[in-house]
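Here is how the chains run, residue by residue.
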Amino acid sequence: MNPRLILTLLSVLLITLPLTFRGKLQNNSGNPFDTARRLDSLSMPDSALMWLDKVDLKRLDTSSLVQFYLLKGSLLRQLNFTDRAWQVYDSVKNLITSYSNSQAFEAEMIFLKGRLLNDRASYTDALICFDSAQKMIMQKSPVDTSLLIRVLNFTGISHFYLGDFSAALNTYYAANQLASEKQSVNLLDYADIIQNIAITYSQLSQFDSAYIYINRSRALKESALRKDDPVLISFYVNYGRFLQMTGRITESMIYFNRADSLLRGRSGQEFIAGSLHINIGNTFQLTGDYDRAIQYFQSAY
């Protein structure tokens, strides 16, 4: 399961950013490419794509142009425009081949194509892409550890969906080991790897192990994100659902209520609010409080 799939549905508009960050964007308006990359790192693909459209391609050198197209393809993929993303990756092939440092970019392009194949449920074909990307990464010195971590994580996702949970865990553990040894690591990527380990243990009904790892993922997300970030709110809903499924009813309500209070009065969050209220309703139903269960079920629709 790709833990970042819901993010495309929860991306907030640029005008809802905190004033301090909006000021930074305004000050950086002379470099829309950097602004787009910054927004992408904040899991805001819709706003990132808007800024990317402002980039003057004539002013980019070959290296920057390759990065531009790779980012554009990635953003389109995140927004579920998979056919358009595929076209972007295909169109940049010749450009990558002509660049002297082509191997690094080619590895990333193949990795991103693998992610597209995962989105299309073509997991076996995705594994071929990930294996090819990993070999290219390992052939280059120094090794791009950040890209390798991402490749290993999504390799694990492909194994998971193919039902090979042992291979998934082994690959996640390899990614986790690299991430833990890296001095500078994207905390959200790290949290995703650990969450994927938890999901796999849960699938194997090893709930005690899953509980350990999902708590580690929660701690990382809380340290990396604002408390009102839609990504964190979405995680609280999924975390509460996991706690509910494993019999930790009281603890699950703590996180359901936390998500509910953060969502209250916010527009544009109907999808996650509906999911949350269904889960709260399920929890009240489990405890025998049917009146409150019905109340939350009705508010979900």
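This structure is a prediction, so every number in the text was calculated from the model and none was measured. (Residues numbered from 1 in each chain as written. Predicted model: local features only at pLDDT ≥ 70, side-chain atom pairs only at ≥ 80, totals over all residues. Heavy atoms only, no water.)

**Student:** Help me understand the overall build of the chain, please; the structure alone is not making it clear to me.
**Tutor:** When you go through the chain residue by residue, the secondary structure sums to 17 helices and zero strands. A burial count over the chain gives 49% of its 301 residues as buried. In the chain, the share of contacts with a sequence separation of at least 24, taken over all contacts with a separation of at least 6, comes to 57%. (Helix = DSSP H or I, 4+ residues; strand = E, 2+ residues; numbered from the N terminus. Buried < 20%, exposed > 50% of the residue type's maximum accessible area, 1.4 Å probe, protein only. Contact = heavy atoms within 4.5 Å.)

**Student:** Sorry if this is basic, but what is going on with the nonpolar core here?
**Tutor:** One broad trend across soluble globular proteins is that nonpolar side chains are buried collectively. Core analysis: the largest hydrophobic core is formed by 82 residues, its most contacted members being Leu-52 and Phe-111. Leaving out residues up to four positions away in the same chain, Leu-52 has contacts with Phe-33, Ala-36, Phe-68, Leu-71, Lys-72 and Leu-75. (Core = buried A, V, L, I, M, F, W, Y, C linked by side-chain atoms within 4.5 Å.)

**Student:** How should I be thinking about the packing of helix H10 (residues 145-161) against helix H12 (residues 187-203) in this particular structure?
**Tutor:** When two helices pack together, their arrangement is given by the angle between their axes and by how far apart the axes lie. In the contact formed by H10 and H12, the axes pass within 11 Å of each other and the chain directions differ by 20°. Between H10 and H12, the angle falls in the class roughly parallel. Every pair of crossing elements has a handedness; the one defined by H10 and H12 is left-handed. Listed contacts from H12 to Ile-149, Arg-150, Asn-153, Ile-157 and Phe-160 of H10 are Asp-189, Asp-192, Ile-193, Asn-196, Ile-199, Thr-200 and Gln-203. (Axes fitted to C-alpha atoms, helices over the stretch in contact; angles between N-to-C directions. Parallel < 35°, antiparallel > 145°, perpendicular 65-115°, else oblique. Left-handed = near helix turned anticlockwise from the far one by under 90°.)

**Student:** Looking at this structure, how should I read the pattern of salt bridges?
**Tutor:** Pairing of side chains with opposite charge becomes possible as their charged atoms draw close. Applying the stated rule across the entire model yields six salt bridges. Put simply, Arg-37 and Asp-34 hold a salt bridge, and the shortest N to O gap is 2.7 Å. You can see Arg-37 and its partner Asp-34 sitting in helix H3 (residues 32-41), three residues apart, about one turn around the helix. A residue is classified by how much of its surface remains accessible, and Arg-37, at 35% relative accessible area, is partly exposed. The closest approach of N and O atoms between Lys-221 and Asp-192, which form a salt bridge, is 3.3 Å. Placement of the pair is Lys-221 in helix H13 (residues 207-224) and Asp-192 in helix H12, with a sequence separation of 29 residues. (Salt bridge = Lys/Arg side-chain N within 4 Å of Asp/Glu carboxyl O.)

**Student:** For this particular structure, what's the right way to read the environment of Leu-232?
**Tutor:** Along the chain, Leu-232 turns up in helix H14 (residues 230-245). Take Leu-232: its relative accessible area is 2%, and that puts it in the buried class. With 14 residues separating them along the chain, Leu-232 and Arg-218 place their C-alpha atoms 8.5 Å apart.

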